[in-house]
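Structure assessment
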Amino acid sequence: MAAGTTRDQIAAAADRLFYERGFEATSFADIAAAVNLSRGNFYYHFKSKDEILAAVIARRVETTRAALDAWAAAAAGPADGIRSFIGMLVANRAKIMRHGCPVGTLCAELAKLDHAAQGDAAAIFTLFRTWLADRFAALGHGADADALALHALMRSQGIAALATALHDEAFIDREVEALEAWLDDLPQAPARP
């Protein structure tokens, strides 16, 4: 197995385990077992848990950028792109009900630990925020675009947190519908001649 591939497999396994169990609760042994590596071979690829965390965050940033690019390419307009963001709650509802939002839970855990990587993890929210603000600006809300982006992020995080606590699919569906209605009720930009 090539070193790059093994490193990627370790990062993928750590990403899954950090999401399902939490960063602090996941050990080197847990990750090594998930990829069938001896501890000695494991340490060849990553010397510390913080190195693994950095790889996981980089992986999540890359995945987020790819999703945002795909949503932008598939959208007929900026509102459709925002709907793709909102729809993420429904598409991932089973995982969200079990483990929460992968970004929100990691950011919260790293903040509690006062971990040096908490800003790197929060940068994923910044990607969403900037992308959403661009769409709201394209809808004619330039002055309020960032506030609207933060509102959409806040509501999605609230839905994810309560979905984890309540384990209620109907709650997710209702709140997603309400968030989509909020988007539909925003004044649209005047048509261009």
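Higher on the page you've got the structure.
To keep things clear, this report deals only with the structure shown in the data block. Counting restarts for each chain, with residues numbered from 1 along the sequence as it is written. It should be noted that, the model being predicted, local features are given only for residues of pLDDT at least 70 and side-chain atom pairs only at 80 or more, the latter also being counted only at that level, while totals for whole chains, interfaces and linings use all residues. Only hydrogens and water are set aside when side-chain values are computed; all heavy atoms of the structure are taken into account.

**Some remarks on the overall build of the chain**
When its secondary structure is counted, the chain shows 10 helices and 0 strands. Secondary structure elements are taken from DSSP: a helix is a run of H or I of four residues or more, a strand is a run of E of two residues or more, and numbering for both begins at the N terminus. Element order for the chain, N to C, with α for helix and β for strand: α-α-α-α-α-α-α-α-α-α. Judged by the C-alpha coordinates and their principal axes, the chain covers about 65 × 35 × 30 Å. Relative accessibility decides the category of a residue: with a 1.4 Å probe and only protein chains considered, values under 20% of the type maximum give buried, values over 50% give exposed, and everything between is partly exposed. Across the 193 residues in the chain, those meeting the buried criterion constitute 39%. Accessible areas in this description were obtained via Shrake-Rupley with a 1.4 Å probe; residue shielding takes into account the shown protein chains only. Surface summary for the chain: the accessible area is close to 10100 Å², and the carbon and sulfur share equals 55%.

**Focus: helix α5 (residues 78–91)**
Between its terminal C-alpha atoms α5 stretches 20 Å, which fits the 20 Å expected from 14 residues at 1.5 Å a residue. The reported bend at a residue is simply the angle between two axes, fitted to the 7 residues ending at it and to the 7 residues beginning with it. For α5, the principal kink sits at F85 and spans about 25°. Looking at α5, one finds that the buried residues are A79, G81, I82, F85, I86 and L89. The contact criterion used throughout is that any non-hydrogen atoms of two residues lie within 4.5 Å. Those residues of α5 hidden inside the fold are in contact with α4 (49–74), α6 (93–99), α8 (118–138), α9 (145–166) and α10 (169–185). Take the number of residues in a helix, subtract one, and multiply by 1.5 Å to get its expected span.

**Notes on the pattern of salt bridges**
Here, a salt bridge means any Lys or Arg side-chain nitrogen found within 4 Å of an Asp or Glu carboxyl oxygen. On inspection of all chains with the given rule, the structure shows 9 salt bridges. Residue D15 is joined to R59 by a salt bridge in which the shortest nitrogen-to-oxygen separation is 3.2 Å. Linking D15 in helix α1 (residues 3–21) with R59 in helix α4, this pair joins segments that are 44 residues apart in sequence. Accessibility expressed as a relative area gives 15% for D15, which makes it buried. By relative accessible area, R59 is classed as partly exposed at 34%.

**Points about the packing of α4 against helix α7 (residues 102–113)**
The packing of two helices is summarised by the inter-axis angle and the distance between the axes. Working convention: axes come from line fits to C-alpha atoms, limited for helices to the stretch in contact. Angles between N-to-C directions cover 0 to 180 degrees. Axis separation between α4 and α7 bottoms out at 12 Å; the angle between their running directions is 150°. Considering only the axes of α4 and α7, their crossing is left-handed. Residue-level contacts link L53, I57 and R60 of α4 to P102, V103, L106 and L110 of α7. When residue character is reported, Ala, Val, Leu, Ile, Met, Phe, Trp, Tyr, Cys and Pro are called nonpolar, Asp, Glu, Lys and Arg charged, and the others, Gly included, polar. Of the residues assigned to the contact of α4 with α7, the class counts are 6 nonpolar, no polar and 1 charged. Crossing handedness is read from the near helix: turned anticlockwise from the far helix by less than a right angle, it gives a left-handed crossing, and turned clockwise, a right-handed one.

**Here we look at the packing of aromatic side chains**
Two aromatic rings from Phe, Tyr or Trp, using only the six-membered ring of Trp, form a pair when their centres are within 6.5 Å; if the ring planes differ by under 30 degrees the pair is stacked, by over 60 it is edge-to-face, and anything between is tilted. Evaluation of the coordinates by the stated rule reveals 8 aromatic pairs. Pairing F28 with Y43 gives two aromatic rings, centres 4.9 Å apart and planes at 45°, and the pair type is tilted. Taken together, the positions of F28 in helix α2 (residues 28–34) and Y43 in helix α3 (residues 39–45) put the pair 15 residues apart, joining distant regions of the chain. The exposure class assigned to F28 is buried, which follows from its relative accessible area of 16%.

**Examining the side chain of S156**
Structurally, the position occupied by S156 is in helix α9. Accessibility expressed as a relative area gives 7% for S156, which makes it buried. For S156, the side chain forms a polar contact with the main-chain oxygen of L153, separated by 2.8 Å. Filtering out sequence-adjacent residues up to four positions away, S156 remains in contact with F85 and L89. As used in this structure description, the phrase polar contact means that two N or O atoms lie within 3.5 Å; if the pair is within protein, one of them must be able to donate a hydrogen and the other to accept it, and residues adjacent in sequence are counted only when both atoms belong to side chains.

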